[in-house]
Amino acid sequence: QARTASALEPTMVGDRDPGGIARHAPQAGAVSVERRFPPGETYRKYRGPGQRDLLLERARAGELVNQIVRIVEAEGPIHQEILLERLKELNGVDRVGANVQRNVERAIAVAVSRGRLAQRVDDFLRLPGAEVRVFRLPDDGVMRSLAQIAPEEIARAVLYKVEDQFGYQRDALPRAVAELLGFDRLPSGGAEIVGTVVDSLVERGILMVSGPYMYVA
């Protein structure tokens with residue numbers, strides 16, 4: 001279960017992080033090191049006008065395309081399940097039936113064909129050329145599962161953690177990253193999700209491995 005941002009206070013035991021990396025208080029007059037990877041920000045969902053017919057009537061497909069793009073602009077990368085929840089909320093629809101699902105899929109396809117949304121490679125919707133610069137913490141009534149957080153956002157959490165601790169034990173990263181993203185414990189399948197992101201960062205030369213530890217390259 002995820003915690004809200006207000007509950008995400010760092011905890012320290014002695015001068016050692018749970019990942020096994022010693023933490024030392026900065027010396028007086030020490031030169032601060034510029035961070036490359038910023039801490040997380042609270043999630044903010046899109047708020048705007050909506051009407052029930054946008055989801056129900058095919059004739060209003062153009063308006064639905066615009067609404068979907070605005071949601072992705074505010075919340076992207078966004079998992080399609082979260083997008084559907086936002087569309088229901090904005091347009092006052094309680095459930096997504098087959099008709100609504102078809103209208104949404106059609107609107108997404110139109111937005112992609114017009115270059116307003118990036119080509120889909122997974123279950124997430126993104127703006128073309130958009131770059132994720134920060135991971136987001138649960139807030140504003142949005143509680144995402146780990147599978148509903150885009151890989152590039154998880155990558156930002158991984159890089160923040162490794163940089164913040166001047167290195168981190170690889171085996172301890174999944175749990176640490178899950179906690180950083182607001183979960184009380186590592187969700188089922190979380191080790192594989194985070195591990196896949198870590199492997200990609202290593203393959204791309206962004207993280208390097210030294211024994212059991214990971215470091216920012």
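Residues numbered from 1 in each chain as written. Predicted model: local features only at pLDDT ≥ 70, side-chain atom pairs only at ≥ 80, totals over all residues. Heavy atoms only, no water.

1. Observations regarding the overall build of the protein chain
Now for step 1: In terms of helices and strands, the protein chain carries seven helices and seven strands.
Now for step 2: Mapped in sequence order, the helices and strands of the protein chain form the string β-α-α-β-α-α-β-β-α-β-α-α-β-β.
Now for step 3: Buried positions account for 43% of the 217 residues belonging to the protein chain.
Now for step 4: Looking at the protein chain as shown, the accessible area adds up to about 11900 Å², and 50% of this sits on carbon and sulfur atoms. (Helix = DSSP H or I, 4+ residues; strand = E, 2+ residues; numbered from the N terminus. Buried < 20%, exposed > 50% of the residue type's maximum accessible area, 1.4 Å probe, protein only. Areas by Shrake-Rupley, 256 points an atom, 1.4 Å probe, with all protein chains shown as cover.)

2. Details of the environment of Val69
Now for step 1: You can see Val69 is positioned in helix H2 (residues 61-75).
Now for step 2: Taking the C-alpha atoms as reference, Val69 lies 8.5 Å from Ile108; in sequence the two are 39 residues apart.

3. Points about the confidence of the model for the protein chain
Now for step 1: For the protein chain, the mean per-residue pLDDT works out to 89, and 85% of the residues sit at or above 70.
Now for step 2: Segment residues 18-26 is flagged for pLDDT under 50; beyond a separation of four residues in sequence, or across chains, it makes 21 contacts in the model. (pLDDT = per-residue confidence, 0-100. Contact = heavy atoms within 4.5 Å.)

4. What to know about the packing of helix H6 (residues 173-180) against helix H7 (residues 190-203)
Now for step 1: Interaxial distance between H6 and H7 falls to 9 Å at its minimum, and their mutual angle equals 100°. It follows that H6 is roughly perpendicular to H7 by the angle criterion. Packed against H6, whose contacting residues are Leu173, Pro174 and Val177, the element H7 presents Gly190, Ala191, Val194 and Val198 at the interface.
Now for step 2: Its residues placed into classes, the contact of H6 with H7 shows six nonpolar, one polar and no charged. (Axes fitted to C-alpha atoms, helices over the stretch in contact; angles between N-to-C directions. Parallel < 35°, antiparallel > 145°, perpendicular 65-115°, else oblique. Nonpolar A, V, L, I, M, F, W, Y, C, P; charged D, E, K, R; others polar.)

5. Let's talk about the sheet that holds strand S6 (residues 207-210)
Now for step 1: Sheet architecture is open: three strands sit in the order S5-S7-S6, paired in antiparallel fashion. At either end of the open sheet lies a strand with only one pairing partner, and these are strand S5 (168-169) and S6.
Now for step 2: Summarising the sheet, S5 and strand S7 (residues 213-216) pair through two bridges and their orientation is antiparallel. Considered in S7, the bridge of Tyr168 is made with Met214.
Now for step 3: Contacts from helix H5 (residues 151-164) reach S5, S6 and S7 within the one sheet, and its direction differs from that of S7 by about 100°.
Now for step 4: Taken strand by strand, H7 contacts S6 and S7, and its axis lies near 95° from that of S6. (Pairing = 2+ DSSP bridges.)

6. A word on the packing of H2 against helix H4 (residues 98-113)
Now for step 1: Across the interface, H2 lies against H4 with an axial gap of 9 Å and an inter-helix angle of 75°. Between H2 and H4, the interaxial angle falls into the category roughly perpendicular. Touching Leu64, Val65, Ile68 and Val69 of H2 are Asn103, Val104, Ala107, Ile108, Val110 and Ala111, all from H4.
Now for step 2: Looking at the contact of H2 with H4 residue by residue, the class counts come to nine nonpolar, one polar and no charged.

7. Thoughts on the pairing of S6
Now for step 1: Note that S6 and S7 share four bridges and pair antiparallel. Bridged to Val209 within S7 is Met214.
Now for step 2: The hairpin turn running from S6 into S7, its antiparallel successor, is two residues long, and Gly211 in that turn takes a positive phi close to 65°.

8. Details of the pattern of salt bridges
Now for step 1: In total, this model carries 18 salt bridges according to the counting rule given.
Now for step 2: Among the salt bridges present, the one from Lys45 reaches Glu89, with a minimum N-O distance of 3.1 Å. On the criterion of sequence distance, the pair formed by Lys45 in the loop between strand S1 (41-42) and helix H1 (52-56) and Glu89 in helix H3 (residues 80-91) is long-range, its members being 44 residues apart.
Now for step 3: Residue class for Lys45 comes out buried when judged on its relative accessible area of 16%.
Now for step 4: Salt bridges sharing partners connect three or more residues here, namely Lys45, Glu75, Arg86 and Glu89. (Salt bridge = Lys/Arg side-chain N within 4 Å of Asp/Glu carboxyl O.)

9. Structural notes on the nonpolar core
Now for step 1: Membership of the largest hydrophobic core comes to 28 residues, with the highest contact counts inside it found for Ile154, Val158, Leu173, Val177, Leu181 and Leu207.
Now for step 2: Within the residue set of this core, elements represented by two or more residues are H5, H6, H7 and S7.
Now for step 3: For this core, the element with the highest residue contribution is H5, accounting for seven residues.
Now for step 4: Setting aside chain neighbours within four positions, we find Ile154 in contact with Leu146, Ile149, Val177, Leu181, Ile193, Val194 and Val197.
Now for step 5: In terms of nonpolar packing, the next biggest core, distinct from the first, is built from 25 residues, Tyr46, Leu84, Leu90 and Leu125 among them. (Core = buried A, V, L, I, M, F, W, Y, C linked by side-chain atoms within 4.5 Å.)

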